[in-house]
Amino acid sequence: MGIITDCNPAMESITGASWKDLIGVDLKQLRDSGFISSVESSINGFSNLYEGSHHAPVSGKFLSSRMFFGPTFDEKSRIVGGLCIVEDITDKRLAERGMLDELEKQRSRIGHILHDSLGQKLGAIHYISQGISRKYNKTGVFLSSDMDQLSGIVSEAIEETRSLSRGLDYST
């Protein structure tokens, strides 16, 4: 058991192989242990689901699929084979991969913005504040020029934070 005995045109389209080429293929000879386990499970009377990426039998076409396996029975309820319904989910997987890649690009972009721009301004605020504190400890006077410089950098940091948060708001 585990030999393809029939398939429909959709299976030919999914695998890229003809009906003639698919008939007689021993599914247990494929290299994916999860797939083989699903085939064997259905032959032993259990329904199950396999989902994965693999090379199609015969054509070698790389695809992602979801397969529903189940046993078939004769009139005396004896297992005589198995049935497999195949859904090609290659496009779905490619779209998921594209979304994950885009999320990684966005995460990296945000990280650069936070470090290179906002982080630099916060560092400058820290050092200017320390300088103002040291001057005050020595003289007892706050210079308005120092406070203006600090206020300007704080304003820039606030505006960058607003800009960054607007860029993250996907509801608009």
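Let me begin by describing the structure that accompanies this report. Since this is a predicted model, take the numbers as computed values, not measurements.

## What to know about the nonpolar core
- One finds L27, F35, V39, M67 and F69 to be the most contacted residues of the largest nonpolar core, which totals 17 residues.
- Contributing elements (two or more residues each) for this core: α1 (9-15), α3 (33-43) and β2 (62-73).
- Aside from chain neighbours lying at most four places away, what touches V39 is G2, L27, K28 and F69.
- Residues L118, I132, L150 and I153 belong to the second largest nonpolar core, which totals 7 residues.

## With respect to the pattern of salt bridges
- Under the criterion given, the structure shown has 10 salt bridges.
- Of the charged contacts, one joins R107 and E104 as a salt bridge, the two residues approaching to 2.6 Å between their closest N and O atoms. Of this pair, R107 and E104 both sit in helix α4 (residues 90-139), 3 residues apart, roughly one helical turn.
- One network of salt bridges, with partners in common, ties together E51, R66, E87, R93 and E96.

## Some details on α4
- Here α4 spans 71 Å end to end across 50 residues, near enough to the 74 Å set by a 1.5 Å rise per residue.
- Along its length, α4 shows its largest kink, about 40°, at G119.
- What α4 keeps buried is the set T90, I110, L118, K121, I125, I128 and I132.
- Immediately beyond the C-terminal end of α4, within one or two residues, lies G140, with a positive phi of roughly 75°.

## A closer look at the state of the cysteines
- With the rule as written, the count across this model stands at 0 disulfides.
- Cysteine C7 shares no disulfide, and the gap to the nearest cysteine sulfur, in C84, comes to 11 Å.
- Taking relative accessible area as the criterion, C84 reaches 30% and is therefore assigned partly exposed.

## Focus on α3
- Every buried residue of α3 is accounted for by F35, I36, S38, V39, S41, S42 and I43.
- Looking at the buried residues of α3, the elements they touch are β1 (48-55), β2 and β3 (79-88).

## What about the sheet that holds β3?
- Pairing in this open sheet of 3 strands is antiparallel, and the strands run β1-β2-β3 from one edge to the other. Of all strands in the sheet, those bounded by a partner on one side alone are β1 and β3. Averaged over all pairs of adjacent strands, the angle between their axes in this sheet comes to 30°, without regard to strand direction.
- Relative to β3, β2 is paired through 9 bridges, and the arrangement is antiparallel. Note on β3: the bridge partner recorded for T72 is G81.
- In the packing of α4 onto the sheet, the strands contacted are β1, β2 and β3, and the crossing angle to β2 comes to about 135°.

## Details of the packing of aromatic side chains
- All told, the structure shown has 3 aromatic pairs when counted by the stated rule.
- Between F35 and Y50 the ring centres are 5.5 Å apart and the planes differ by 80°, which places this aromatic pair in the edge-to-face class. Of the two residues, F35 sits in helix α3 while Y50 sits in strand β1, which places them 15 residues apart along the sequence. The same class applies to F35 as to Y50, namely buried.
- With centroids separated by 4.5 Å and ring planes inclined at 15°, the aromatic side chains of Y136 and F142 adopt a geometry described as stacked.

Scoring rules and cut-offs
Residues numbered from 1 in each chain as written. Predicted model: local features only at pLDDT ≥ 70, side-chain atom pairs only at ≥ 80, totals over all residues. Heavy atoms only, no water. Core = buried A, V, L, I, M, F, W, Y, C linked by side-chain atoms within 4.5 Å. Buried < 20%, exposed > 50% of the residue type's maximum accessible area, 1.4 Å probe, protein only. Helix = DSSP H or I, 4+ residues; strand = E, 2+ residues; numbered from the N terminus. Contact = heavy atoms within 4.5 Å. Salt bridge = Lys/Arg side-chain N within 4 Å of Asp/Glu carboxyl O. Expected span 1.5 Å × (residues − 1). Bend = angle between axes of the 7 residues up to and from the residue. Disulfide = S-S within 2.5 Å. Pairing = 2+ DSSP bridges. Axes fitted to C-alpha atoms, helices over the stretch in contact; angles between N-to-C directions. Phe/Tyr/Trp six-rings, centres within 6.5 Å; stacked < 30°, edge-to-face > 60°.

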